[in-house]
Amino acid sequence: MERWDAVIVGAGPSGLACGLALVKKGYKTLIVEKETAVGLACKPCAEAITRRFQAHPLFEALPGEGQVSRVAWVQALNGRLLEKTLPLPASSVRTFSKRAWLQALLRDFLEKGGELYEGCTLKGVDRQTSVAYLDNAPQAVRFRYLVGADGFTSRVRRSLGMPFFKGLVWQADVQGEFRTLLLIGAFDEIPFGYAYLFPQNAHAKVGFGFVPLVGRVFWPDVKALQRKLSLAFGASTPPVFRSSAINLCYRGFAFENIFLAGEAAGLALDLTGEGIGPAVISGEAAALAIAGARAEAEDSVKWLVSLKRAQRGLLALQVPLVGLGRRLLRPFGLTAAFLLSRAKDEGLFWRILVG
Ligand SMILES: Cc1cc2nc3c(=O)[nH]c(=O)nc-3n(C[C@H](O)[C@H](O)[C@H](O)COP(=O)(O)OP(=O)(O)OC[C@H]3O[C@@H](n4cnc5c(N)ncnc54)[C@H](O)[C@@H]3O)c2cc1C
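None of these values were measured; they are calculated from a predicted model.

1. Topic: the overall build of the chain
Step number 1: Across its full length, the chain holds eight helices and 17 strands.
Step number 2: Out of the 355 residues in the chain, the part that is buried amounts to 43%.
Step number 3: Expressed as a percentage of contacts within the chain between residues at least 6 apart in sequence, the contacts between residues at least 24 apart total 70%.

Laid out in structure tokens, this is it:
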């Protein structure tokens, strides 16, 4: 049975960032990916990076970058749309082709001596013997270190007996030339969440996400949100929205010779569901820990966890504050309630983009 310094499960952002860092350090590294064309079947994603992650070297060149000229905030009130340009640089959120970006990372990984088994699913892990079992030839591989970079249904995470806690995102692709990045105040329907229109090349990703914190009590009116979003970007026929999950449950990233990265570690941000930046940083942190720089690795993961905590705090505050504010303002009518929700949305977006 072949023995590898590191076996990484998953060729998404976290797996490829980890693999690249390891091959650069001379480790004999294998990535196992269940899809046959890496990046082609990557999960639904709005393909956007906010400012706090943009300085990372892997985000310097973003293939297929969308042309955003302004950032605006939109709120629907009684069927009317109010739009306001926000004083934020257009680069606050950069959009790109995730597929092309992943393929470029993969090329780099392979050129530097890494190996990829495509169409190969991890079926199980024997922690005693450090063997990973696969559904295809060679059926099993031995590892010194194993990295679970296998996303929101991670089998590596399951092998560690850890729970999952998932946020949900509904997203649609809309054809056309878009230049304005819209942050959409749809928060009456989503007490815990966000909505967006992100311009890409010749199309846009439009969607909304939320964390079902307290079961069905805060389950949004999905149909109403889809109508509101269609209205916000002027679609005559409503686009088809599809839902997907994001694992938000962080319980640690290092477990003896096994590491978790990206969504397998639950490191996506709680309020915005942003996960590409955290995936890259935690993938590299796993590589640092494998190379012996454990303290440095822990520092970068701590930073991600602090971002998650800040966003979770905002989530936890939103509902009671807004509920109370509405009740107090009710005697002053719709306008006061509207001003309150407007202040909340703008403050929230500010925090999401530059906080
Ligand atoms: C609708 C939606 C919109 C989003 N928009 C954004 C956004 O705009 N910006 C942002 O930063 N984040 C966004 N996210 C989150 C982001 O897409 C993820 O957090 C990020 O892709 C996580 O990267 P990852 O490498 O951890 O996992 P993934 O990208 O999920 O990669 C995991 C890889 O592992 C493979 N795999 C899984 N199981 C196995 C197995 N058993 N064996 C072998 N291979 C396996 C999968 O095929 C996949 O290639 C969005 C998410 C959703 C759902």
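2. Quick look at the nonpolar core
Step number 1: Counting 91 residues, the largest nonpolar core has V7, C18, V147, Y196, L197, A261 and A286 as the members making the most contacts within it.
Step number 2: A total of ten residues in this core trace back to one element, the largest contributor, which is helix α6 (residues 276–290).

3. Focus on the site of the ligand
Step number 1: Taken together, 39 residues surround the ligand, and among them G10, G12, G151, G262 and G275 come closest.
Step number 2: Those elements that place two or more of their residues in the shell around the ligand are α1 (13–24), β2 (29–33), β11 (166–175), β15 (242–247) and α6.

4. Regarding the packing of α1 against helix α3 (residues 98–111)
Step number 1: Following both chains from N to C, one finds α1 and α3 inclined at 25°, their axes separated by 9 Å at the closest point. With respect to their mutual orientation, α1 and α3 come out roughly parallel. Regarding α1 and α3, the two cross each other, and that crossing is left-handed. Counted together, L16, G19, L20 and V23 of α1 and L102, L105, L106, D108 and F109 of α3 form the full contact between these two elements.

5. Focus on the pairing of strand β1 (residues 3–9)
Step number 1: For β1 and strand β10 (residues 140–148), the ladder comprises six bridges, and the chain directions are parallel. Each bridged residue has a counterpart across the sheet, and for A6 the counterpart in β10 is Y145.
Step number 2: Of the strand pairs in this sheet, β1 and β2 are connected by four bridges, and their pairing is parallel. Within β2, the residue paired with I8 across the bridge is I31.

6. Some thoughts on α1
Step number 1: Compared with an ideal rise of 1.5 Å per residue, which puts twelve residues at 16 Å, α1 spans 17 Å between its outermost C-alpha atoms and is within 8% of the ideal.
Step number 2: Among the twelve residues that make up α1, eleven are buried, leaving the element largely enclosed by the rest of the structure.
Step number 3: Residues of α1 that are buried: P13, S14, G15, L16, A17, C18, G19, L20, A21, L22 and V23.
Step number 4: Its buried side turned inward, α1 meets β1, β2, α3, β10 and α6.
Step number 5: Looking one or two residues past α1, G26 carries a phi angle of roughly 85°, positive in sign.

7. Quick word on α3
Because an α-helix completes one turn every 3.6 residues, residues spaced three or four positions apart along the sequence face the same direction.
Step number 1: Taking 1.5 Å of rise per residue, the 14 residues of α3 would be expected to cover 20 Å, and the 20 Å separating its terminal C-alpha atoms lies within 8% of that figure.
Step number 2: What α3 keeps buried is the set K98, W101, L102, L105, L106 and F109. The arc that holds the buried residues of α3, viewed along the axis, is 135°, so those residues lie on one side. Exposed and facing more than 90 degrees away from the buried side of α3 are R107 and E111.
Step number 3: Buried residues belonging to α3 abut α1.

8. Considering the environment of A245
Step number 1: Mapped onto the elements, A245 comes out in strand β15.
Step number 2: On the basis of neighbour counts, which here come to 17 C-beta atoms within 10 Å, the residue A245 falls in the partly exposed class.
Step number 3: Sequence separation between A245 and W170 is 75 residues, and the spatial gap between their C-alpha atoms is 8.9 Å.
Step number 4: Sequence-distant contacts of A245, that is, excluding residues within four places in its chain, are made with F152, K166 and L168.

9. Brief notes about the packing of α1 against α6
Step number 1: Interhelical geometry of α1 versus α6 gives an angle of 35° and a closest axis separation of 7 Å. Here the hand of the crossing between α1 and α6 comes out right-handed. Contacts from P13, S14, G15, A17, C18, A21 and L22 of α1 reach α6 at I276, A279, V280, S282, G283, E284, A286, A287 and I290.

10. Considerations on unusual backbone geometry
Step number 1: A cis geometry characterises the amide bond from A137 onward to P138, with omega recorded as 10°.
Step number 2: Positive phi, normally seen in glycine, also occurs at E47, with a value near 55°.
Step number 3: With respect to the secondary-structure elements, E47 resides in the loop between β2 and β3 (48–50).
Step number 4: Using a count of 22 C-beta atoms within 10 Å as the deciding quantity, one classes E47 as buried.
Step number 5: In the Ramachandran plot, Q139 falls in the positive-phi region, its phi being about 70° despite a non-glycine side chain.
Step number 6: Position of Q139 among the secondary structure elements: in the loop between β9 (131–134) and β10.

11. Examining the environment of V71
Step number 1: Mapped onto the fold, V71 is located in strand β4 (residues 70–77).
Step number 2: When residues no more than four places from it in sequence are discounted, the contact partners of V71 are L86, L88, A90, S92 and L181.

12. Let's talk about the environment of T272
Step number 1: Residue placement: T272 occurs in the loop between β17 (258–260) and α6.
Step number 2: Given 24 C-beta atoms within a 10 Å radius, T272 is considered buried.
Step number 3: Each C-alpha atom, one on T272 and one on G209, is 7.4 Å from the other, the two residues being 63 residues apart in sequence.

Scoring rules and cut-offs
Per chain, residue numbering runs from 1 following the sequence as it is written. Local features in this predicted model are restricted to residues of pLDDT 70 or higher, and side-chain atom pairs are both shown and tallied only at a pLDDT of 80 or more, whereas totals for entire chains, interfaces and linings draw on every residue. Here a strand is any run of E in DSSP of at least two residues, a helix any run of H or I of at least four, and the numbering for each starts at the N terminus. The burial criterion counts other C-beta atoms lying within 10 Å of a residue's C-beta, which is placed from the backbone; the residue is buried at 20 or more, exposed at 12 or fewer, and partly exposed between these limits. Any residue pair is listed as a contact if its two C-beta atoms, each placed from the backbone, are within 7 Å. What we call a nonpolar core is a set of buried Ala, Val, Leu, Ile, Met, Phe, Trp, Tyr and Cys residues whose membership is set by joining through C-beta atoms within 7 Å. For each residue, a C-beta position is placed from the backbone atoms; the residue is near a molecule or strand when that point lies within 6 Å of it. Geometry is summarised by axes, namely lines fitted to C-alpha atoms with helices restricted to the contacting stretch, and by angles between N-to-C directions that run from 0 to 180 degrees. Relative orientations are named as follows: roughly parallel for angles under 35 degrees, roughly antiparallel for angles over 145 degrees, roughly perpendicular for angles from 65 to 115 degrees, and oblique for any other angle. In this scheme the crossing of two helices becomes right-handed for a clockwise turn of the near helix relative to the far one and left-handed for an anticlockwise turn of less than a right angle. One requirement defines pairing of two strands: DSSP has to find at least two bridges between them. Expected span of a helix, by definition, is 1.5 Å for each gap between consecutive residues, and there is one gap fewer than residues. The arc under discussion is defined with respect to the helix axis, by the directions toward the C-beta atoms.

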